Amino acid sequence: MLNNKLNERKKAAALRVLQANKLIDFCSNDYLRFSKKEWRNYELENGSGGSRLISGHSPIFDKAEKKIAHFHHAEDALIFNAGYNANLGLFSAVPSKGDTVIYDEYCHASIRDGLRLGVARNFSFQHNNMLDLKEKLSRTNGAIFVAVESIYSMDGDSAPLKEIAILCKEYNAYLIVDEAHATGIFGENGEGLSIQEDIETFARIHTFGKALGCHGAAITGSKVLKDFLINFSRPFIYTTALPKHSIENIISAYLTLENTVENKVLHNNIAFFKSLFKSTTLIPSDSPIQSIIIGGNEKTRKIAEQLQASGFDIRPILHPTIPEGSERIRICLHSFNTQEEITVLCKKLNQLL
Ligand SMILES: Cc1ncc(COP(=O)(O)O)c(C=O)c1O
């Protein structure tokens, strides 16, 4: 039974396999190489020993949540074990019966899975299409939530946050922005795109496994939202808390963000890449995520293999992770990628595509 499904995947050239290699990193979300930093300013304890509501809580969480809230210009923050859990915990708990969630069709699986666990009505609007969002808002009654990502994880493009915030105001909708790929990257010190664009939000999701190089996530918003999540968000309540050393690392990552030039180097690398590789198949993006549409699982996989054979760790993104026809090579740029590496990569891309 299981093999049948796996064989179907194989036939569609869509079988997911785990692959580790030591090639030049053009695929991780470790945009600023914080994952390799040796902060280690803590006493090592293996685990937290319980959930936050039983024995897993300690003052270090309060310190971190205060720091995170302050950094992201929010009233409060609540740490979750991962971005996946944060989205699950927010979208399953907050929108209730009779409410509606309208989300961008390209929103991450964790947002959709959260909605599936919840009881609110939900449907998507066309990616970044303000006319469609407006039309859907105008047809909706009751409390409305609008969910978007500031930077879309597969396309790397950004949401028109200012326009979305105006529409939310017009229709009295609560705006939720997943800042997973903008945290540490956009804003003066990496506060995220919502702060850079100076928009009001109901909640934001900041993940620590990407530019911050750690693990975990926080939902930022009001104190009431935090109290609500502590009481009703099952992915927060029913799980062992992160260990203290994870929280120490998260604090160190935020302190480092306030004093680093890595972010500027990264943005230079993004501009450099875009100056060398110009193609209509490249999805317009100012973020570290630069995706090139190839089309077809087989073809996309082959191109990724050729890039890997040239020394670059670049992975194909295939259907069913993304819609059929939009299979792509997804390049993640980092502050530590050298201009020479980027030059050689672009030469190779220009040869292959
Ligand atoms: C937009 C978005 N939200 C949430 C997540 C989940 O974050 P985490 O990896 O911390 O579970 C991801 C990770 O891929 C993401 O891209």
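Further up the page is the structure itself.
Since this is a predicted model, take the numbers as computed values, not measurements. (Residues numbered from 1 in each chain as written. Predicted model: local features only at pLDDT ≥ 70, side-chain atom pairs only at ≥ 80, totals over all residues. Heavy atoms only, no water.)

Draft legend 1. A look at the pattern of salt bridges. One pass over the full model with this rule turns up 14 salt bridges. Residues K169 and E200 are paired through a salt bridge, measuring 3.9 Å at the closest nitrogen-oxygen approach. Here E200 lies in the loop between α7 (193-196) and β7 (203-207) and K169 lies in helix α6 (residues 161-170), a separation of 31 residues in the sequence. With relative accessibility at 63%, the residue K169 sits in the exposed group. Counted as one network, the salt bridges with shared partners bring together R52, E65, D76 and K226. (Salt bridge = Lys/Arg side-chain N within 4 Å of Asp/Glu carboxyl O. Helix = DSSP H or I, 4+ residues; strand = E, 2+ residues; numbered from the N terminus. Buried < 20%, exposed > 50% of the residue type's maximum accessible area, 1.4 Å probe, protein only.)

Draft legend 2. Layout of the site of the ligand. Taken together, 13 residues form the shell around the ligand, and within it G83, Y84, D178, H181 and K210 come nearest. A distance of 2.8 Å is found between an oxygen atom of the ligand and a backbone nitrogen or oxygen belonging to Y84. Side-chain polar atom of D178 to a nitrogen atom of the ligand: 2.6 Å apart, as the coordinates give it. Considered on its own, the ligand offers 390 Å² of accessible surface; in the complex 82% of this is hidden by protein. (Near = heavy atom within 4 Å. Polar contact = N/O pair within 3.5 Å; in protein donor to acceptor, adjacent residues only side chain to side chain. Areas by Shrake-Rupley, 256 points an atom, 1.4 Å probe, with all protein chains shown as cover.)

Draft legend 3. Here's a closer look at the sheet that holds strand β5 (residues 144-149). Read across the open sheet, the seven strands follow the order β2-β8-β7-β6-β5-β3-β4; overall the sheet is mixed. The sheet is open, and its two borders are formed by β2 (76-80) and β4 (121-125), each paired with just one other strand. On average, each strand axis in the sheet is inclined to that of its neighbour by 20°, with strand direction left out of account. Across five bridges, β5 lies against strand β6 (residues 174-178) in parallel orientation. By the bridge assignment, E149 is partnered in β6 with D178. Packed onto the sheet, helix α2 (residues 59-71) meets β2 and β8 (217-221) and runs at close to 125° relative to β2. Docked against the sheet, helix α5 (residues 130-138) engages β3 (100-104), β4 and β5, running at close to 155° with respect to β4. (Pairing = 2+ DSSP bridges. Axes fitted to C-alpha atoms, helices over the stretch in contact; angles between N-to-C directions. Contact = heavy atoms within 4.5 Å.)

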